[in-house]
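If you want the building blocks of each chain, they are given just below.
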Amino acid sequence: MLDIYSQYPTFTVFLGLLLAVVLTMALMPLMIRVLRQRHIGQQVRADGPDTHFVKQGTPTMGGVVLILAAAVTVLLLAKPTPEIWLLLVATLATALLGFTDDAAKVIKQRSLGLTPKAKLVAQFGIATAFCLVAVNVLDVPPTIDIPFVYTFDLGILTTVIPVGEGGIAIPWLYLIFVNLLMAGMSNATNLTDGLDGLAGGTVMMAMLVMAAIAYRMDMLGCSVFAAALAGACIGFLWFNAYPADIFMGDTGSLALGTALSGLAVLTKTEVVVLIVGGLFIAEALSVIIQVAHFKRTGKRVFLMAPLHHHFERKGWSEVKVVIRFWIVSGLLAAIGFAIYFAESMSGIV
């Protein structure tokens, strides 16, 4: 089957998207029913918008189905290369971290799960392992390409630890960068997941662009991986659109952020992904700015952070915020792909 699909790569990518949609839509009703029977629901933050209190008790952890549907799709359609296994392991490991966090929230009956420190330690551990495998096993160069500007070599400070007949190279500067990128994007995606359909729709657009980038680089497995996640997000949106029947929880949002940044590392589009996922960056920056400014002055920059709540406080309806954020995300994704495509056509890549 894999040999047949490899002869029709475009078909394989689109099939991956479609299969993930079908699996997600087929399994999600069962997940919702089980969660409702067990009274496993979302805990709404006490200081959130008043309109969100009606969401209290809505089934959460829908990310379990989303991520598993994408993983099954990839295993069925993509050739099991080291790149695919690395992406799957990192994504599933982060999903497990998110699941642990979601479970802690449900058990404690409050909106906070694991401590931020515990989550960061785990995220940095996953990112470190991802980086070292990418550099030492997959021969990913420890460089950062700023399109049309310069390619920085972050492997200049590298330590080689002798192991057997070879060694493990630790490019310290690149390792730090990958840790910041992966943990940062994972948490930024998590912060974006605050309104019905917001994270699912924006991640879907970003993943479609990453699928196109990987396809252009002849990395079919990575393209199928991204397309499968995009398809899973589409299937999830059927149940997560306002008013949501289920939320993805940290299980989904943290894992999707890790998958997006992991694809960027393997395709060497670490800077481009900051544009493609620009909305996630803006959401994270709004929280950082709010906290830092409030600690220094006692005043708030935004009516409420993350950014989507600011616009809710300004009087925008939840649906209006989501649709406009989708539009912004789509534009940023298109700009990111255009920059990548233009650079690749120029012969720089």
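As the structure is a prediction and not an experimental result, all values here were calculated from the model.

About the criteria used
Residues numbered from 1 in each chain as written. Predicted model: local features only at pLDDT ≥ 70, side-chain atom pairs only at ≥ 80, totals over all residues. Heavy atoms only, no water. Helix = DSSP H or I, 4+ residues; strand = E, 2+ residues; numbered from the N terminus. Rg over C-alpha atoms; globule rule 2.2 N^0.38 Å. Buried < 20%, exposed > 50% of the residue type's maximum accessible area, 1.4 Å probe, protein only. Areas by Shrake-Rupley, 256 points an atom, 1.4 Å probe, with all protein chains shown as cover. Lys, Arg positive; Asp, Glu negative; His and termini not counted. Charge placed at Lys NZ, Arg CZ, Asp CG, Glu CD. Pairing = 2+ DSSP bridges. Contact = heavy atoms within 4.5 Å. Phe/Tyr/Trp six-rings, centres within 6.5 Å; stacked < 30°, edge-to-face > 60°. Disulfide = S-S within 2.5 Å. Salt bridge = Lys/Arg side-chain N within 4 Å of Asp/Glu carboxyl O. Expected span 1.5 Å × (residues − 1). Core = buried A, V, L, I, M, F, W, Y, C linked by side-chain atoms within 4.5 Å.

### Thoughts on the overall build of the protein chain
Secondary structure assignment for the protein chain yields 13 helices and 4 strands. The C-alpha atoms of the protein chain give 20 Å as radius of gyration, which agrees with the globular expectation for 349 residues (20 Å, within 12%). For the protein chain, the C-alpha atoms occupy an extent of roughly 60 × 55 × 40 Å along the three principal directions. Burial status across the protein chain gives 51% buried among its 349 residues. For the protein chain, the accessible surface area stands at approximately 16000 Å², while carbon and sulfur atoms represent 70% of it. Averaging the coordinates of the 21 positive side-chain charges in the protein chain and doing the same for the 20 negative ones gives two points 13 Å apart.

### Details of the pairing of strand E1 (residues 143-146)
Pairing between E1 and strand E2 (residues 150-153): 4 bridges, direction antiparallel. Bridge pairing in E2 links threonine 143 to aspartate 153. Taking the residues between adjacent antiparallel strands as the criterion, E1 and E2 are bridged by 3 residues, where phenylalanine 148 takes a positive phi near 65°.

### Side note on the environment of methionine 217
Mapped onto the elements, methionine 217 comes out in the loop between helix H7 (198-216) and helix H8 (220-240). Sequence spacing of methionine 217 and threonine 267 is 50 residues, and the spatial spacing of their C-alpha atoms is 7.7 Å. Beyond its immediate sequence surroundings of up to four residues, methionine 217 is in contact with Thr267 and Tyr340.

### A closer look at the packing of aromatic side chains
Tallied over the full model, the rule gives 6 aromatic pairs. On the numbers, 4.9 Å between centres and 75° between planes, the contact of tyrosine 150 with phenylalanine 152 is edge-to-face. One aromatic cluster is present, built from ring pairs that chain together Phe311, Trp316 and Phe325.

### Description of the state of the cysteines
As enumerated under the stated definition, the model contains 0 disulfides in all. In this structure cysteine 131 is a free cysteine whose sulfur lies 16 Å from that of cysteine 222, the closest cysteine sulfur available.

### Remarks on the pattern of salt bridges
On inspection of all chains with the given rule, the structure shows 3 salt bridges. In this structure, the salt-bridge partner of lysine 119 is aspartate 250, at a minimum N-O distance of 3.9 Å. Here lysine 119, found in helix H5 (residues 116-136), pairs with aspartate 250, found in helix H9 (residues 249-267); they are 131 residues apart in sequence, far enough to count as distant. Here the two residues lysine 119 and aspartate 250 agree in accessibility, since each one is buried.

### Concerning unusual backbone geometry
Omega for the bond connecting tyrosine 242 with proline 243 falls within 30 degrees of zero, at -10°, which places this linkage in the cis form. For proline 243, the location among the structural elements is in the loop between H8 and H9. That bond from alanine 305 to proline 306 is cis: its omega, 0°, falls within 30 degrees of zero. Of note, proline 306 is situated in the loop between helix H11 (278-297) and helix H12 (307-313). Residues other than glycine seldom take positive phi values, yet phenylalanine 148 does so here, at roughly 65°. Residue placement: phenylalanine 148 occurs in the loop between E1 and E2. Overall, the relative accessible area of 47% leaves phenylalanine 148 in the partly exposed class.

### Looking at H8
Its 21 residues give H8 an end-to-end C-alpha distance of 29 Å, which sits within 8% of 30 Å, the value for a rise of 1.5 Å per residue. Summarising burial for H8: 18 of the 21 residues are buried, a large majority.

### So, the nonpolar core
Core analysis: the biggest nonpolar cluster contains 83 residues, and Tyr174, Met207, Phe225 and Leu266 have the highest contact counts within it. Looking at this core element by element, the count peaks at 12 residues for H8. The contact partners of leucine 266, leaving out residues within four places of it in the chain, are Glu83, Leu86, Leu87, Phe130, Ala134, Leu138, Val140, Met219 and Cys222. Of all hydrophobic cores here, the second largest spans 9 residues; its members include Leu198, Leu307, Phe311 and Val321.

### Section: H11
Here H11 is 20 residues long and its end C-alpha atoms lie 28 Å apart, about the 28 Å a rise of 1.5 Å per residue gives. Within the span of H11, buried status applies to Gly278, Leu279, Phe280, Glu283, Ala284, Ser286 and Gln290. As for H11, its buried residues are in contact with helix H6 (172-192), H7, H9, helix H10 (272-276), H12 and helix H13 (318-346). Within two residues after H11, glycine 298 carries a phi angle of roughly 80°, on the positive side.

Keep in mind these numbers describe shape, not what the thing actually does.
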